[in-house]
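Structural overview
Read off the chains here:
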Amino acid sequence: MTEPVRIGIVGLGTVGSGVVRLLLDSADHISRHAGRPIIVEKAVVRDIHKVRSVQLPSGTLSADIREISGDPSISVAALLVGGLEPARSIMVELLENGKDVITANKALLAEHGPELFELARRKGRSIAFEAAVAGGIPIVAAIGECLAANRIESIRGILNGTSNFILTRMEEDGSSYAEALKLAQSKGFAEADPAMDVDGTDATQKLAILAHLAFGVWVPWADIPRTGIDGLDIDLLKYAEELGYRIRLVAVVSRAGSKLAMRVAPALVKIGTPLAETRGAYNAVSIVGDAVGRMFFHGLGAGQMPTASAVVADIIDTVVGRTAITFRTTGLLSVETPAAHISGVDSLQRHFLRIRVSDHPGVLAKIMGILGDYGISIASVLQHDATGLADTGVPLVIMTHQCASSAVRNAIAAIDQTDVVRGKSFCLSVLDD
Ligand code: NAP
Ligand code: HSE
């Protein structure tokens, strides 16, 4: 029998427990793929007294990272702790001590990627991160390896399972935003700070990582224009459905001359299209490559076992040496990688507007007049019986013909300054293709 490989796991929360469960339950199958058994030598957590959903042999659990970093029998470590610190310091300690690292932490890579990847290269080690983007979907391998022959033109995707779960619950069973978020947290989909999910940060960090892989530039994630789902309400979802659409948090990047046009924002997607049919914690990624054409990936983007599937695949790839080859040849996240020039997305699109107006004669004409002043032409208008809505304003829902987002934004700013508008108006782009 070939000598087993001994690994360390840092973090035994949702993902770490799933990884241990998979390594134990599928040990035979996994050792066949890895060429030798994989044994969890040490698992380091914050609180060793916490009750765990997985059982490890006694003496395996520790609260001291040096039990992994300082153990020469451990060559590979999975870092499954979220946030920036102490995750960054732990990653540095593991690399400094000669461990190959696997991580699911996209915040860490989006923030400190170049510094950590440079350290790994200097130490002759590798970092694998399939689980950091789109959970169980093998999108990092797809872009980094399988589609390597292509010039990628664009990527569009649903990259945050929690947001998608919340939107789906709200549209399917009328759950409130707060109820749906609580359920997403109880299912282990959300980040420790769920604001990262619902304000678009998590999807933006994942988009930055995908854009780096696809376009070979370093993308400072905070420069990407982003809006989350935290401002949406159930009425917006209902109006969208009435018009034949669903609302999804969509991340987009495409080439725009020497720049990358990027955005993360809720958008209307036509019912029946793949993005609209992406439900619950599922993610979806559509990629256009010059040779392959359009490809579509769909799968669970959050949750214990789908994420564990990606982490364990990375552990196997690292054990057999595949990660080291890709890591060496692709020069990912080098400090010399040029930074992306990012622009917002301002292609011609239809837009969905919801404006709450006072219920008086002439109001509709005034709104239409302002839209006309900005060159925006109207495809349809929806206004329901306004009885009882005198205080909050009457919702006026407008679908525009194709126009630039910048024109709509300027028009909405002008509309919101008039005395006929109650509250802030909503403008979402419509993805018809
Ligand atoms: P989690 O359930 O909150 O678990 C975090 C784990 O990290 C806990 O076991 C915690 O220990 C441990 N930990 C925290 N600080 C530590 C420290 N200083 N030293 C050692 N261990 C420490 O988080 P998770 O959902 O598994 O997520 C982990 C990472 O995977 C995050 O980066 C997340 O973004 C990413 N991810 C999550 C999912 C998902 O569906 N959940 C999917 C893809 C990627 P204790 O248990 O003792 O508190
Ligand atoms: N919180 C993340 C999500 C976990 O909901 O998509 C997967 O990265």
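Structure: see above.
On to the overall build of the protein. Each helix and strand in the protein was counted, giving 15 helices and 17 strands. Against the globule reference of 22 Å for 433 residues, the protein gives a C-alpha radius of gyration of 24 Å, in line with a compact fold. A principal-axis box enclosing the C-alpha atoms of the protein has dimensions of 85 × 45 × 35 Å. Every one of the 433 residues in the protein was classed for burial, and the buried ones make up 53%. By sequence separation, contacts in the protein at least 24 residues apart represent 73% of the contacts at least 6 residues apart. Of the roughly 18200 Å² of accessible surface on the protein, 52% is carried by carbon and sulfur atoms. Separation of charge centres in the protein, based on 41 positive and 47 negative side chains, amounts to 2 Å.

Take the environment of arginine 248 next. Structurally, arginine 248 is set in strand S8 (residues 245-256). Put simply, arginine 248 and alanine 267 are 19 residues apart on the chain and 5.6 Å apart in space, counted from C-alpha to C-alpha. Here leucine 275 takes part through its backbone oxygen, which lies 3.4 Å from a polar atom of the side chain of arginine 248.

In this fold, leucine 80 is placed in the loop between strand S4 (74-79) and helix H4 (87-96). Contact partners of leucine 80, with chain neighbours within four places excluded, come to Ile9, Val10, Gly11, Val15, Gly16, Val19, Ala104 and Val311.

Now for the state of the cysteines. With the rule as written, the count across this model stands at zero disulfides. The thiol sulfur of cysteine 403 is not disulfide-bonded, and the nearest other cysteine sulfur, from cysteine 427, lies at 7.8 Å.

Here the focus is the site of ligand 2. Taken together, 13 residues lie near ligand 2, and Lys106, Gly161, Thr162, Phe189 and Asp197 sit nearest. A distance of 2.7 Å separates a nitrogen atom of ligand 2 from a polar atom in the backbone of phenylalanine 189. In this structure, an oxygen atom belonging to ligand 2 sits 2.8 Å away from a side-chain N or O atom of lysine 206. Within the complex, the protein chains bury 92% of what would otherwise be the 250 Å² of accessible surface of ligand 2. Residue assignment for the shell around ligand 2 shows that the elements contributing at least two residues are helix H7 (161-173) and helix H10 (201-215). For the shell around ligand 2, a count of residues per class yields four nonpolar, four polar and five charged.

This brings us to helix H1 (residues 14-25). Relative to the 16 Å expected for twelve residues at 1.5 Å per residue, H1 spans 16 Å between its end C-alpha atoms, a close match to the ideal helical length. Where H1 is buried, its residues contact strand S1 (5-10), helix H2 (27-34), strand S2 (38-44) and helix H12 (304-320).

The sharpest bend along helix H5 (residues 106-122) reaches about 90 degrees and sits at histidine 112, with the proline proline 114 one to four residues further on. Among all positions in H5, only Lys106, Ala107, Leu108, Leu109, Ala110, Gly113, Pro114, Leu116, Phe117, Leu119 and Ala120 are buried. Where H5 begins, the side chain of asparagine 105 points an oxygen toward the backbone nitrogen of alanine 107, at a separation of 3.2 Å. At the exit of H5 stands glycine 124, carrying a positive phi of roughly 70 degrees.

Turning next to empty space enclosed by the protein. Within the structure shown, the criterion is met by three cavities of 30 Å³ or more. Here the largest cavity is characterised by a volume of approximately 70 Å³. Around the largest cavity sit Leu109, Ala110, Phe129, Gln205, Ala208, Ile209, His212, Trp218, Val219 and Leu333, which together line it. Going through the elements one at a time, H5 and H10 are the ones with two or more residues in the lining of the largest cavity. No other element matches H10, which puts four residues into the lining of the largest cavity. Taken together, domain 1 (5-137 + 307-330) and domain 2 (141-301) each give at least three residues to the lining of the largest cavity, which thus spans both. The calculated volume of the second largest cavity comes to roughly 50 Å³.

Another aspect to go through is the pairing of S1. Judged by how many residues are buried, S1 sits mostly within the fold: five of six residues are covered. For S1 and S2, the ladder comprises six bridges, and the chain directions are parallel. The residue of S2 that forms the bridge with isoleucine 9 is alanine 43. The pairing of S1 with S4 spans five bridges and is parallel. Counted as the bridge partner of valine 10 is leucine 79 from S4.

So, how was this worked out
- Residues numbered from 1 in each chain as written.
- Chains lettered and ligands numbered in written order.
- Predicted model: local features only at pLDDT ≥ 70, side-chain atom pairs only at ≥ 80, totals over all residues.
- Heavy atoms only, no water.
- Helix = DSSP H or I, 4+ residues; strand = E, 2+ residues; numbered from the N terminus.
- Rg over C-alpha atoms; globule rule 2.2 N^0.38 Å.
- Buried < 20%, exposed > 50% of the residue type's maximum accessible area, 1.4 Å probe, protein only.
- Contact = heavy atoms within 4.5 Å.
- Areas by Shrake-Rupley, 256 points an atom, 1.4 Å probe, with all protein chains shown as cover.
- Lys, Arg positive; Asp, Glu negative; His and termini not counted.
- Charge placed at Lys NZ, Arg CZ, Asp CG, Glu CD.
- Polar contact = N/O pair within 3.5 Å; in protein donor to acceptor, adjacent residues only side chain to side chain.
- Disulfide = S-S within 2.5 Å.
- Near = heavy atom within 4 Å.
- Nonpolar A, V, L, I, M, F, W, Y, C, P; charged D, E, K, R; others polar.
- Expected span 1.5 Å × (residues − 1).
- Bend = angle between axes of the 7 residues up to and from the residue.
- 1 Å grid on protein atoms, 1.4 Å probe; cavity = no way out; pocket = protein on both sides within 12 Å on 5 of 7 lines; lining within 4 Å.
- Points joined across faces, edges and corners; volume = space filled by probe spheres on them.
- Domains from an automatic or database assignment.
- Pairing = 2+ DSSP bridges.

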